[in-house]
Amino acid sequence: MARVSVALWTVLTLALQVATETPPVKNNNPNYTEPLQINLNPTLLPLLSKLNTDTTSSASPGVAGPALPPVGPQSPKANDKTGEKQRARREGACPPVGLESLRASDSQLSASSYQRAGLAPHRGRLNIQSGIDDGDEYDGAWCAAVDDGNQWLQFDALRPTLFTGVILQGRNSIWSLNWVESYRVLISNDSAVWTPCMNGSVEAVFDGNRDPETPVLGMFPVGMVGRYIRINPLTWHKNGSVCLRAEFLGCPLSDPDRTVPQPESEDNLDFRHHNYQEMRKLLKAVHEECPNITRIYTIGKSYLGLKLYVMEISDNPGKHELGEPEFRYVAGMHGNEVLGRELVLNLMQYICREYKRNNQRIVRLVKYTRIHLLPSMNPDGYEEAYQKGSELSGWALGRYSYEGIDMNHNFADLNNIMWDEQENAKDKSKVSNHYIPLPEYYTSEDAFCPHATQVAPETRAVISWMQTVPFVLSANLHGGELVVTYPYDCTRNWIPRENTPTADDVFFRWLATVYASSNQAMANPDRRVCHYENFQQHNNIINGADWHTVPGSMNDFSYLHTNCFEVTVELSCDKFPHASELPTEWENNKESLLLYMEQVHRGIKGVVRDKETKGPISDAIIKVRDLDHDIRSATDGDFWRLLNPGEYVVTAWAEGYLPGTRKCHVGTDPRPTVCSFTLTKTPQQLALEARMKGVKTPKDLQLRRRDAQVRKLRVTTKLLNQRRQKQQRLHPVQKNQ
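These figures come from a predicted structure and were not determined experimentally.

Cut-off values and rules
All residue numbers here refer to positions counted from 1 along the written sequence of the relevant chain. The predicted origin of the model limits local features to residues at a pLDDT of at least 70 and limits the giving and counting of side-chain atom pairs to 80 or more, whereas totals for whole chains, interfaces and linings rest on all residues. Hydrogens and water molecules were not included; the side-chain quantities draw on all heavy atoms of the structure. In this description a helix means any DSSP run of H or I spanning at least four residues, a strand means any run of E spanning at least two, and both kinds are numbered starting from the N terminus. Using a 1.4 Å probe on the protein chains alone, a residue whose accessible area is under 20% of its type maximum counts as buried, one over 50% counts as exposed, and one in between counts as partly exposed. Should any heavy atoms of two residues lie within 4.5 Å, those residues are counted as being in contact. Accessible surface area values rest on a Shrake-Rupley calculation with a 1.4 Å probe, where residue burial reflects the displayed protein chains alone. Any two strands are treated as partners once DSSP identifies two or more bridges connecting them. Nitrogen and oxygen atoms within 3.5 Å of one another constitute a polar contact, given that in protein one can donate a hydrogen and the other can accept it, and given that sequence-neighbouring residues count only through two side-chain atoms. Definition used for salt bridges: Asp or Glu carboxyl oxygen within 4 Å of a side-chain nitrogen of Lys or Arg.

Visitor: How do you make sense of the overall build of the protein when you look at a structure like this?
Guide: For the protein, the count of helices and strands is 15 helices and 27 strands. Residue burial in the protein is summarised as follows: out of 737 residues, 59% are buried. Put simply, 77% of the contacts in the protein that link residues at least 6 apart link residues at least 24 apart. With an accessible surface of roughly 30,300 Å², the protein has 52% of that area assigned to carbon and sulfur atoms.

Visitor: Please explain the sheet that holds strand S24 (residues 646-653) as it appears in this structure.
Guide: Across a sheet, strands are paired by hydrogen bonds formed along the backbone, either parallel or antiparallel in direction. With antiparallel pairing, four strands are arranged side by side in an open sheet as S22-S21-S24-S25. Only two strands of the sheet have a single neighbouring strand rather than two, namely strand S22 (631-632) and strand S25 (660-666). Of the pairings in the sheet, the one linking strand S21 (residues 621-624) to S24 comprises four bridges and is antiparallel in character. Within S24, the position partnered with Ile-621 by the bridge is Trp-653.

Visitor: Looking at this structure, I do not really get the environment of Arg-353. What am I missing?
Guide: Tracing the sequence through the fold places Arg-353 in helix H5 (residues 339-356). Note on Arg-353: relative accessible area 23%, which makes it partly exposed. Note: C-alpha distance between Arg-353 and Cys-290 (63 residues apart in sequence) is 8.0 Å. With sequence-adjacent residues up to four places away left out, Arg-353 is seen in contact with Asn-268, Leu-269 and Glu-289. There is a polar contact of 2.2 Å between the side chain of Arg-353 and the backbone oxygen of Asn-268.

Visitor: Which parts of the structure should I look at to understand the pattern of salt bridges?
Guide: Any two side chains of opposite charge can pair if their charged atoms end up close together. Taken as a whole and judged by the stated rule, the model has 29 salt bridges. The salt bridge involving Asp-139 is made with Arg-116; its shortest N-O contact spans 2.6 Å. Note that Asp-139 is positioned in the loop between strand S2 (109-111) and strand S3 (142-143) and Arg-116 in the loop between S2 and S3, a separation of 23 residues in sequence. In this structure Asp-139 comes out as buried when scored by relative accessible area, which is 0%. The network of salt bridges with common partners includes Arg-295, Glu-312, Glu-326 and Arg-370.

Worth remembering: the numbers are spatial, not functional.
Here is the structure:
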């Protein structure tokens, strides 16, 4: 902290020396006082940029600039010259004060007036979202009670702060159009006497918004120091009202009378935003640091040809070990929800270094678990959001794939296939509750997903990955809220929202609770609502369908098509936190990330073998009495069934074998109970093999259908990728990596 303060005051002192050389501008306003103005001229920007870099790398909250412009693949939009100029201007800017991330409390915001409680000043936060209905207590902006030029939104920084800019947004609403088109900014040290931001000899007037959602950055001609800052709207949308959402850019100055908690982490990790090329460098660096426990591989490519990289961490990388469960974290399904990407990158660094330090918790995790980390499922979307930066990408830019696909709705909707079969079946017990095959429409070259246009190449790659690795447990990392959701994500009968539990609802609630209760931000009883949903009343967990229905989610698909249990973690109110906030976010999530991975060892595990040959039996069905969801054994005959503590009656069965049943006890310790099976072939199968030597035990019909659809999906994916590559050679969008 001392190093930052000294460096910052050095910059301020130099700036003041430059400022005193300029004759003061006379102002006849009786309430006007000379401000402390910091001319951010070219001679000072390198110093401030250097300070930004030092502060970010040391995980200090002082002056931290936005991420550097990315190097590597860029969409045509990203090459816009205006965007490059904006990024250059932001190099000397201070970080956000925390309206969007909720670091700033509601009490720090005030206003001249407001229409009602739902449009009060505490709702004037950048990117805050409203509910469907206008008029409740969770509306989408601050709106003044009177539409005139005397209205203002005020922020109290609680200490002297160097303010360098404002980011403005209109009101979030599906029913009305409200935004501010021009405004001025005022600074004060006592909230009584106010100084306007000046542009030379005249008051600076800043351009505001032209639509409700696009954030607009207003950089001050000179930095200004004060405790309070106000936005004073001058003009607004002609058919609307004075409404806005905002973020202020400010560097807190040292105050000997006030101690501010520092967002630091003791872990010396690479706390910054990584574009595609920088992410590749980090993956390589981690592998070079820990070559014996890591492996980098790819599962496919995005539409623009960016590889979907996975980091594997295991004591025997590259190989599935008998009885060792497979775990995965998937981040970046929505490209603009970037915190998961950075947490996954931090996690691989942390595991590598702690393993080398002989941290026994990490050593056990690596020794007994095969971990797969996919930091970016939607790299095309991320690059688009990254170009704008953490505060200017808005709420949706980069969310979708390059083709405009929401991958959270892009997996095959197996829920309704299963439910329809159950409704039409005379004997519901014969309807499959697991390993449900892909529907025919989903596997063609021009596959069309009813809920989300065509099937994205990224989605196809992940499905193929699921087929290759026998995953047991997973989490899908998102952003924009603070809650953990669990399946099902899709409601029956297309109801907008309704609790729709799986057969494993109790265990899913446990998984969600493990992450939420150990997450420092979620578990904080004093935290405020992110947008309009109060998830604290549900202990920060909720059934996905009870929040909003999502047909074709990865969670539901994973549960119904594979053996893998998966939840969604909404990591932060802010989808794209500033780099200066990443150390705090890591500390918020570190224990949760580790503890959740350890849950892969709960329940039972075992191997299904042939009694005569002692060989493994793959694809054997593992059925737990009173739980209407089965799993299958993997290629080596091993299986893992996640269960809460208790006594269970478990049956194993495979085509051509007599079923075997046994009781299995699951204890409270996070260690699996070994519950293996040895199956005897049926008399019919023995007779068949006697007549036809060398005949293989046939697979059951459902498994044959599933395997056939998966093979077809892979073939059509290959053809589709070839066609796409040919199109891009003829009409290049960008240089592929």
